[in-house]
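Structural characterization, general
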Amino acid sequence: MFTPAIHPQRAPWSHWRLVENFGHSIRVPAQVFQPATVEQLADLFARARRENVAIALRGSGRSYGDAAMRQGHWVLDLRRMNRILAWDPKTGEITVEPGVTIEQLWRYVLPDGWWPAVVPGTMRPTMGGCVAMNVHGKNNWHAGTFGEHVTRLRVLTPAGDEYELTPDDPRFHTFVGGLGVLGVATSITLRLKRVASGNLDVHAWAVPDLAHMLADLDTYKDRYEYIVGWVDSTAMGWARGRGQIHAANHVPEGEELYPERTLSPDYQVLPDVFFGFVPKAWMWRFMRPFMTNWGVRLVNSAKYWASRWLSHHKTYRQALVAFNFLLDYIPNWERAYRGRGLIQYQIFVPRDEALRVFNEVLRYTQQRGMPSYLAVVKRHRADAFLLSHGVDGYSLALDFPVWPGKERDLVAMLHELDRLVLDAGGRFYFAKDATLTPDTAAAFLGEQALRTFFELKATWDPEDRLQTDLYRRVFAPLRSRLAA
Amino acid sequence: MAEQGSLVIPQPVAIVVGASSGIGAALARELAVQGWRVILIARRADALQRVAEDITRRVGPDRAFPRPMDARAYDQIPQVYQEVLREHGRLDAVIYSAGVLHPVAPDEYNFAKDREMLEVNLVAAVAWLGQAAALFQQLGQGHIVGISSVAGDRGRVANPAYHASKAGLTTYLESLRNRLSRRGVHVLTVKPGFVRTPMLEQAQPKRVFWVISPEQAARDIVNAMRKGKQVIYTPARWRWLMLLIQHIPSVLFRRLSF
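Residues numbered from 1 in each chain as written. Chains lettered and ligands numbered in written order. Predicted model: local features only at pLDDT ≥ 70, side-chain atom pairs only at ≥ 80, totals over all residues. Heavy atoms only, no water.

A look at a positive patch on the surface
Residues and elements named next belong to chain B.
- On the surface, a cluster of positive charge is made up of Arg 226, Lys 227, Lys 229 and Arg 239.
- Structurally, Lys 229 is set in the loop between helix 7 (214-227) and strand 7 (231-234).
- Classification of Lys 229 as partly exposed rests on a relative accessible area of 40%. (Patch = residues over 30% accessible without salt bridge, like charges linked within 9 Å, V, L, I, M, F, W, Y side chains within 5 Å. Areas by Shrake-Rupley, 256 points an atom, 1.4 Å probe, with all protein chains shown as cover. Salt bridge = Lys/Arg side-chain N within 4 Å of Asp/Glu carboxyl O. Lys, Arg positive; Asp, Glu negative; His and termini not counted. Charge placed at Lys NZ, Arg CZ, Asp CG, Glu CD. Helix = DSSP H or I, 4+ residues; strand = E, 2+ residues; numbered from the N terminus. Buried < 20%, exposed > 50% of the residue type's maximum accessible area, 1.4 Å probe, protein only.)

Printed below as a string of structure tokens:
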């Protein structure tokens, strides 16, 4: 018998969205919810339990891989939990909700003469994301990771329990960098850095090859608080690894006549126009034609020779925002990538092995015809966090375009490079990762760390409610293997 | 469930309604060969199982997932989509390939036959593809594919309800396309001519020509999905024949007997 079955028109699908990584190369459907309060969050956990769905936590979605998504299940976008809960301009201690972004934070504290102690290359990420991924910045050698400046955390677990974590609690070092699958940091207390000015004194110079690049980063790491190297990832032969180093220090106290002027958010602006005529909103379209192997070679060479001939050993004063948030200069820069967007591959290699490994990585990617389009080198130190990417050495971050039909070749090439990194005692970083295999992760993290991690996971999230696609890809198989 | 590889490598998922035989079965096989995971839907569980086993044997495991149900189980459709999304993590295409063609005599008017054709060919298609549209407009991507027919281009004397059902489906798909293309969703109308399927055998038309295999049709359809085509005829030469037929004036057309 025919009965007209009426489906509510939009209702069953109203929360479904396509959730993407930073580079638009991974796009999956998920039901997205945006809780604004801890109560709404707890309600969603309870509802997820009833419906037996998995949950991934998400902030601004600036992870390069699959760390902030769970395909076909729920994604909790925490950006509405963005209140600043307490601020003491005398001690520089601030307590925030997880959805507060780095931008919101610096705009709030800078006029009082404070700056986040550690910031990544973009100001879009949320505090929750920075804690879950334990991010780092261009001052990693001096300041360590984001988590080293967190003094207190309040955590809500999927089971509905609340915990207060401080750095003397061993669970603190598991939770920070714990990929956001152990619970939600509903309140995060940070210690900020005192600054006397909104400016940095920057020194830029060109380096002719990788050996000079690594040597200079090492030599000058103690003279500058911030230091970072751009590498021409398409330069071959004797020029391989050539690039430009930017190093900076905060302007010392008393040097600026009117520091309150530079500490004002009005002073901290990024350029509106490029080359004098391209509005920044159009810039990514302008870049698009150059995003091929040859186009990037051309642009990289031009950039290198410009750094060599026009700005070698240039010193200048630059606003904190302009120096730190290079990735925010060009809005939607990641859309300039043609094909299927990009992924990033960042490797951390001990000091004495870095030259050999990085050289080999650059050479191999060029030889395979899949060169990186953007490469950055930084100096790092080890840290005490459980799922740490830190080593006493260097990191090399490589952006790779994802071309349709070439995805398997790219992933296969990165898996080959994984071996090289592992053999050198290197590590990987889950905020960036999109391709790591469970075996590689187990090899660099070690069985003990994994057991500690899974123990806390089993205690705080016994039903395995919090699962990202990263967790499913890398950690879930390891967990069943360890349990067996 | 198998271990999840890198999500950078696309593993698209399709639902094929009417996958137990004919174009639907060939399409499921072709998509599996092209790297898709395919959820097979049809009423006959045994036939569906055979198609799935055939795909597994030819292409490999984790490709075909049979889910026996009547395409007209309208209430279950949102549930099926939700299950596929939860289990496979994504849904990239919904292909409606179920169809019925009852042979009718030139002077026969049989409501039971007509209703079944209209229900399976049109009403159930609207039920499946409407929900797909509701989902895909949220996601801003996806392929909606309807297997209509050259029979929908003109109401001939042969089979009024069949012609009407296919004309309805063609128009419904056009409407979906006009709604959804601005939202990034691709809607493909497929108009096969004579395809060597159980339906053709059963229908026993007076004369057939340009007969192609279901595999040929499936290849055309998957190519059209990849290229983002709007309306295809398979084989393509039907386009010109139908253009001609569409322009035969009624004064002549009502005197013809095909």
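Topic: the interface of chain B and chain A
- On the side of chain A, 41 residues touch chain B, which itself brings 28 residues to the contact.
- Counting the surface lost from both chain B and chain A, the interface buries some 3,000 Å², and carbon and sulfur atoms represent 57% of this.
- When the buried area of chain B at its contact with chain A is split by residue, Gln 4, Val 8 and Arg 86 of chain B rank highest and sum to 24% of it.
- Here chain B and chain A share zero salt bridges between them.
- Inspection of the chain B/chain A interface yields ten residue pairs in polar contact (both at pLDDT 80 or more).
- Put simply, the parts of the chain that give the side of chain B that touches chain A at least two residues each are helix 3 (77-88) and helix 4 (111-139) of chain B.
- The element best represented in the side of chain B that touches chain A is helix 4 of chain B, accounting for eight residues. (Contact = heavy atoms within 4.5 Å. Buried area = accessible area lost by both parts, 1.4 Å probe. Polar contact = N/O pair within 3.5 Å; in protein donor to acceptor, adjacent residues only side chain to side chain.)

Examining the pairing of strand 18 (residues 342-350) of chain A
All names here are of chain A.
- Burial runs high along strand 18: eight of the nine residues are buried.
- Note: strand 18 against strand 20 (residues 393-401), nine bridges, orientation antiparallel. Looking across to strand 20, one finds that Gln 346 is bridged to Ala 397.
- In the sheet, strand 18 pairs with strand 21 (residues 427-428) via two bridges, with the strands oriented antiparallel. Bridge assignment links Ile 347 to a residue of strand 21, and that residue is Phe 428. (Pairing = 2+ DSSP bridges.)

Some thoughts on the domain arrangement of chain A
All names here are of chain A.
- Per the domain assignment, the segments of chain A are domain 1 (80-194) and domain 2 (199-439).
- The centre of domain 1, based on its C-alpha atoms, is set 24 Å off from the matching centre of domain 2.
- Linking domain 1 with domain 2 are three salt bridges, by the criterion used here.
- Linking Lys 193 and Glu 225 is a salt bridge whose minimum nitrogen-to-oxygen distance equals 3.0 Å. (Domains from an automatic or database assignment.)

Observations concerning the side chain of Asp 66 of chain A
- Locating Asp 66 of chain A in the fold gives a position in the loop between strand 3 (55-58) and strand 4 (74-77).
- A relative accessible area of 0% places Asp 66 of chain A in the buried class.
- A polar contact is formed between the side chain of Asp 66 of chain A and the side chain of Arg 473 of chain A, at a distance of 2.8 Å.
- If we skip the residues at most four places from it in the chain, Asp 66 of chain A touches Ile 26, Asp 433, Thr 468, Asp 469, Leu 470 and Arg 473 of chain A together with Leu 7 of chain B.

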